[in-house]
Amino acid sequence: ILNNVAIFLRDENFIVKTFASVSNFKACLPLAKPCVILADMQMPVETGLDLQNYLIEAKIDAPIIFMSGNSQPQQIIKALKQGANDFLLKPIVPSELLKVLHQAFDQLKANLNAEQTRIQTEQLTEKELEVAGLIKQGFSNKSIAEILNLKADTIKKRRALIYAKLQCSDFPEFLKRFK
């Protein structure tokens, strides 16, 4: 099953690394980023829950999707309560596997974008945050200057600094990055 899933995912243009056990997985850390872990609940020696517990204790933040053909309901519930992204029952339906993997990668991308936006926004000064808030509301440079009792040229310069810090080139892009 491991080899068949790996071949299928490679055919779907995923980069795949396979591990026969939790200890083999641990020996190959750290993980490449971004990554999603697809783990069987039943493995030799240790279980998927053992792997998940290790990831939690080691503070390795990677989405994990479990698959199993004979897990107990308590295992499924525990895995999901501990943060598993999903749990697929065997036999695995290829389209369902792809859907779940794409959702996990989309969530990783959204989290990364949110983190980058947070970091960039923290780089704005208090005055830049004030101007950015007014820009977001749709005020022109001239209107912002009047509101803040500043010159329009000053607002134009601050807008340019804000856009540079947020790494955006136009207003629609600014709206996506400034939350």
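The following paragraphs examine the structure supplied in this document. From a predicted model like this one, the values you see are computed outputs, not experimental measurements.

**Some details on the packing of helix H1 (residues 2-11) against helix H5 (residues 94-122)**
Between H1 and H5, the shortest axis-to-axis distance is 12 Å and the interhelical angle comes to 65°. Our pair here, H1 against H5, has a crossing hand that is right-handed. Counting all contacts with H1, which are made through Val5, Phe8 and Leu9, the residues of H5 involved are Pro94, Leu97, Leu98 and Leu101. In the contact of H1 with H5, the residues fall into 7 nonpolar, no polar and no charged.

**Some remarks on the state of the cysteines**
As enumerated under the stated definition, the model contains 0 disulfides in all. With no disulfide of its own, Cys35 lies closest to Cys28 among cysteine sulfurs, the gap being 12 Å. Cys35 sits in the buried class, given a relative accessible area of 15%.

**Notes on helix H8 (residues 152-165)**
For H8, built from 14 residues, the straight-helix expectation of 20 Å at 1.5 Å per residue is met to within 8% by its first-to-last C-alpha distance of 20 Å. By the burial criterion, the buried members of H8 are Ile155, Arg158, Arg159, Ile162 and Tyr163. Here the buried residues of H8 occupy an arc of 135° about the axis, which is enough to place them on one side. Exposed residues on H8 whose side chains face more than 90 degrees from its buried face are Lys156, Lys157 and Ala164. Buried residues along H8 sit in contact with helix H6 (126-136), helix H7 (141-148) and helix H9 (171-177). Once H8 finishes, Gln167 follows within two positions and takes phi at roughly 55°, a positive value.

About the criteria used
Residues numbered from 1 in each chain as written. Predicted model: local features only at pLDDT ≥ 70, side-chain atom pairs only at ≥ 80, totals over all residues. Heavy atoms only, no water. Axes fitted to C-alpha atoms, helices over the stretch in contact; angles between N-to-C directions. Helix = DSSP H or I, 4+ residues; strand = E, 2+ residues; numbered from the N terminus. Left-handed = near helix turned anticlockwise from the far one by under 90°. Contact = heavy atoms within 4.5 Å. Nonpolar A, V, L, I, M, F, W, Y, C, P; charged D, E, K, R; others polar. Disulfide = S-S within 2.5 Å. Buried < 20%, exposed > 50% of the residue type's maximum accessible area, 1.4 Å probe, protein only. Expected span 1.5 Å × (residues − 1). Arc of directions from axis to C-beta.

Any functional reading would require information that these geometric values do not contain.
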